[in-house]
Each structure stands twice: as C-alpha cells, then as structure tokens.
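# Report on the structure
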Amino acid sequence: MTRVVVLGGGIAGLAAAFRRASTGETIVLEAGPRAGGSIRTIREDGFTLECGPNTLRTSEAAERLIRDLGLEGEAVAADGKAPRWIVRGGSPRAVVPGPAALFNKVFTLKGKLRLLKEPFVARRPASLDDESVHSFFARRFGEEAALYGAGPMVSGVYAGDPHALSIRSAFPRLWDAEGASGSVIRGLLRKKEKEGKSAGGGGGKGGGAHGGRSGDPAPARHRARTLTFSGGLFTLIETLLSRLNERPGFRIETNAAAVSVEGPLPSPGPRWRVRAADGRAVDADVLVSTLAGPQAARLFGNVLTRSAVALAAVPSSPVTVVLAAYPSPASPADAPRGFGGLIPQVEGFRSLGILYPASLFTGRAPAGFVLTTSFLGGALDRALAGAPDADLLAVAGSEVARFFPRLGPPSRSWIVRWPEAIPQLPLGHHRTLAALDADLAALEAMAPGSLHVTSGFRDGIALGERIARGEALGEAL
Ligand SMILES: Cc1cc2nc3c(=O)[nH]c(=O)nc-3n(C[C@H](O)[C@H](O)[C@H](O)COP(=O)(O)OP(=O)(O)OC[C@H]3O[C@@H](n4cnc5c(N)ncnc54)[C@H](O)[C@@H]3O)c2cc1C
C-alpha cells in the first residue's frame, strides 16, 4: 500500500488527493488551522464574503470537478454582461476585452492607433530571453497600453510590479505568441484558429482570465464560465474534504506544518520522512509539494541543488483585503454596478482594484446592502498591506467614496491580511524552472515517482489552473 503525503491543504493539494488514481493512504499536512489555503469565505448574518479569490474562471478540469462533486446546482455564474472598468483621469471607464477594446474610453485615439500597429512592430531580437511585463507591452503595444493595460492586469492578477514581473513566466501565452508569429496579435489569432480546428471547429475561450499560461489546459472545446457557489468558493473546499473524508486511508492534519524533510531514503521502505512542527515524523512513499518557492527550497534544499537558491528568492506580494457593506443608496444609479475594476498605478490611488461582489453574483448580501472589496498593498505598496486597521479602512473607504460619493459610510467592514499572497515571478524565472525540472529529473532517476511539485510559481496561479495541475498530478499518482 503506497502512502502519499501531500504538503499543503489548498485547492491544488486537495484536488491532487481527490484524483489520486491508486489506492492507499493519503495524508494531507496543512500548516494552517484550516484547509483551503487562499480560499476562504466569511458567512455571517446573511453575508457571503470572499477573503481571497472571488471568482473561479473554469478550466475543463474545474468543470469536471464541479460535476463530480455534485456542485453544479450550487454554482452561481457571474453576470456575463457585468461591465469591468479601468480608471483613467480619476474616473472609471468601462472596458470590453478583445478587439472591441478599441472602442473603450481607457485609451486615447493615439494609444489606439499604436495598439493597431502591433502586428508591424519588429519581432524581438533572438538575444532577448525575457523582459518585464511593462517593457514587453511598451515595445509591442506602446507606452499607454503598458500603463493602462498591462499595469492594471498585473495588479489584478499578481498584485505585482509590472517593471519587475517577467512576461515570459507570468504571461507566457503572450510571450510565446510573439515568439511564434513575430506579433502577439497574429500569434494569438493563429493559436485560436488552431485550437478551433483541433476541437472540430467547436470554438470556445481558452486560457484563464486570471493569469492564463501557454500550457493552460483549457482546451478550445471548453466554454469557460466565471462563477462562485451559493455558499462562496469555500464550498469547493468543504465538499472536497467531505468526499475525501469518506475514503478509508485519507486524513488531513491541520496546524501541522512540515518543518523538515529527509530523503530520498534507501529503497525498500518509505522514500521520505517529513518532520511536522510538533516533532512527529510522517513517512511517505510519495510526496506531493504544493508549497511556495521559499518553503519548497527550505524543505528540499538537499535534492533541489540546482534550483533551491533561486526558489528561495521567489518573493510573494502581500495583499490586504478590505470588505465593506454599505446600506443600499436610494437611487440604484448611486450603487456599485458590474464586476468592479482596476486602478493603474499612474492614477495615484492606493487601491489596486475594487470589486462589487453583490452586483456580480446573487446572494452575497442581505437585502438593503451593497458590497465592495478593496485590494490594498501588493508588490508596490508593501507598507500599506501591513498598515493598522484604521489606516486601511480610511484608504479603502475614501477611494470607494471617490467613485460612489452618495454611498455614505459603510455599516460593516472586514479586513483580511495575506502577507504572502501571490508569487512574483522575477526576470529569468524560466531558468529557475528549468533548473527545477533538471533537479526533479535527477531525482526521478534515483527514486522514481517519489516527489511531485506543483505551485503557483511553477504552473499558474488561477484557480482553474491550480485545480487542473493538482488533478493531473493526482491522476499520475
Ligand atoms: C487575495 C487573493 C485574491 C485572489 N483572487 C483570485 C481570483 O479571483 N481568481 C483566481 O483564479 N485566483 C485568485 N487568487 C489566486 C488563487 O487563490 C491561488 O493561486 C490558489 O488558491 C492557490 O492554491 P494552492 O493550493 O496552489 O496554494 P495555497 O492556497 O497557497 O495552498 C498552500 C497551502 O500550503 C500550506 N502550507 C504552507 N507551508 C506549509 C508547510 N510547511 N507545511 C504544510 N503546509 C504548508 C498553506 O497554509 C496553504 O494552505 C487570489 C489569491 C489571493 C491571495
């Protein structure tokens, strides 16, 4: 009987445990007091509030998981027509993704003309093997697109610094599109066409809205939805846990951080010995790590000899979420409507973005309330993420009031801090990943199938991707 030990009880770890193909013992060690990782939902007095992710943009794997967990009836789809906005000149401007973006009011005419020139911009030199998201957008689409397109995208997905984040690792579909076709627009169109053909002309949207990757498993036939559940995204975690707990041989231990790992140990016998925070040893035939780069480097430094130093240095951005419930204003025109939006750094606000959960999804707040979710901090404003509650409430409240002056003060607020929210992939991160692949290949030769690694720093941060990667790994166990 093979014993699999999963490090980390977030969505990726639980999806891997759920899809484990072989029988045997599965133990999930989770450092925190509860499973779910970044997924956490507050249910209080009729409010259903997301502390971390708000939306699941479905990959094919996520759709299958929802079906297999019997959650289809609980899925709440986002209002597909809910407008998103980007702030320009201090006011929110509605944006439409894709080619229709040419008609939005975020870009000036000059900026739009520059966007249209992208297919005629020279391909990057062969010597350029990575660049920042800002520099890539400025080179391909112009400075305005970098400031008002790429900047908000980086804030919204990574809470990152567009001048520091690697385009090649953070948005590989864009990087690869230029590499394949000499133009991002041409490359994406060709890819879409190819996907359409390989799916028998089925069409559909590939890629995650939240940081799609080149290897994104969302195939062309799949029609992605943006959704939550009636009880919030934590429903996914609860349902996974309740199904896993029915299986003999499964257990999850919370408050059980892995503090050291020994291995690979000689065969026969368990290949790894994990030491938990309370000093206990947990032996494993197979280890699955879903941990962030620095944690993985600390635990596996002796086997990840080529990659550990670089992995240890992959930083995470801090994000603090301020949720606020306001009494509904007398006129619906004064209430937040739509999805919410993002604020380019050059606009001088301190919120990275503000979502309107009660407008996007039904059932988020009792009648008579509207909701806002402000994201503060990120890689460019680390001090604000760690500021006292009163300062956070003041910043979030005053910036919501700039867009909705008739809303009045909130009747309730909640603050959730994520000191290490999202991995920041630095320039040259692809070399770290190649070194990690080489380390894992060497280990595979020594102790076949005994260590698997999936994490946002390696294979995508969007929930749809985390589910797909966790599942693929589980199926291989
Ligand atoms: C504020 C915020 C908003 C987001 N919004 C969205 C969104 O709208 N849509 C979207 O698709 N994605 C969003 N994301 C990203 C997405 O939520 C994450 O990428 C995803 O949940 C990560 O899942 P995971 O299982 O890979 O890792 P995690 O959820 O980070 O799980 C890893 C687990 O490992 C545990 N752990 C750490 N160290 C140890 C140790 N030594 N031993 C044992 N356990 C350990 C942690 O406690 C954690 O529970 C958001 C993230 C944040 C923080």
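None of these values were measured; they are calculated from a predicted model.

What counts, and where the lines are drawn
- Residues numbered from 1 in each chain as written.
- Predicted model: local features only at pLDDT ≥ 70, side-chain atom pairs only at ≥ 80, totals over all residues.
- Near = placed C-beta within 6 Å.
- Helix = DSSP H or I, 4+ residues; strand = E, 2+ residues; numbered from the N terminus.
- Nonpolar A, V, L, I, M, F, W, Y, C, P; charged D, E, K, R; others polar.
- Axes fitted to C-alpha atoms, helices over the stretch in contact; angles between N-to-C directions.
- Parallel < 35°, antiparallel > 145°, perpendicular 65-115°, else oblique.
- Contact = placed C-beta atoms within 7 Å.
- Pairing = 2+ DSSP bridges.
- Domains from an automatic or database assignment.
- Buried ≥ 20, exposed ≤ 12 C-beta atoms within 10 Å, placed from the backbone.

For the rest of this paragraph, the subject is the site of the ligand. Taken together, 35 residues are adjacent to the ligand, and G8, G10, A12, G37 and P53 come closest. Listing elements by their share of the shell around the ligand, those giving two or more residues are α1 (11-18), β15 (316-327), β19 (412-423) and α17 (463-476). Here the shell around the ligand is built from residues that sort into 18 nonpolar, 15 polar and 2 charged.

A separate point is the packing of helix α2 (residues 60-68) against α17. Helix-helix packing: each pair is described by the crossing angle between the helix axes and the interaxial distance. Relative orientation of the contacting elements α2 and α17 amounts to 75°, with a least axis distance of 7 Å. Classed by the angle they form, the pair α2 and α17 counts as roughly perpendicular. Counting all contacts with α2, which are made through A61, A62 and L65, the residues of α17 involved are L463, G464, I467, A468 and E471. In terms of residue class, the contact of α2 with α17 is made up of 6 nonpolar, 1 polar and 1 charged.

This part takes up the sheet that holds strand β2 (residues 24-29). Spatially, the 5 strands line up as an open sheet ordered β10-β2-β1-β14-β20, and their pairing is parallel. The two strands at the open ends of the sheet, each matched to only one other strand, are β10 (250-253) and β20 (451-453). Recorded for the sheet is a direction-independent mean angle of 15° between the axes of neighbouring strands. Bridge count for strand β1 (residues 2-7) against strand β14 (residues 286-289) is 4 bridges, and the pairing is parallel. Bridging from a neighbouring strand, L7 pairs with S289 of β14.

What follows concerns the pairing of strand β13 (residues 281-284). Consecutive side chains along a regular strand alternate between the two faces of the sheet. Examined bridge by bridge, strand β12 (residues 272-276) and β13 share 4 bridges and lie antiparallel to one another. Looking at the pairing, V274 lines up with V282 of β13. The loop that links β12 with its antiparallel partner β13 comprises 4 residues; one of these, G279, has a positive phi angle of about 95°.

Glancing now at the domain arrangement of the protein. When the parts of a complex come together, some accessible area is lost, and that lost area is often taken as the interface size. Domain boundaries assigned for the protein yield domain 1 (2-34 + 233-314 + 426-476) and domain 2 (117-222). Taking only C-alpha atoms, the centre of domain 1 and the centre of domain 2 are 29 Å apart.

With an omega of 0°, the peptide bond running from G263 to P264 counts as cis. Structurally, the position occupied by P264 is in the loop between β11 (258-262) and β12. Cis geometry marks the peptide bond from S267 to P268, where omega comes out at -5°. The topology assignment puts P268 in the loop between β11 and β12. Phi angles above zero are rare outside glycine, and D45 is one such case at about 50°. Tracing the sequence through the fold places D45 in the loop between β3 (41-44) and β4 (47-50). Overall, D45 belongs to the exposed group, with 10 C-beta atoms counted inside 10 Å. Notably, A159 is not glycine yet its phi reads approximately 45°, a positive angle. Residue position: A159 is located in the loop between α5 (143-158) and α6 (167-170). A tally of 25 C-beta atoms within 10 Å means that A159 is categorised as buried.

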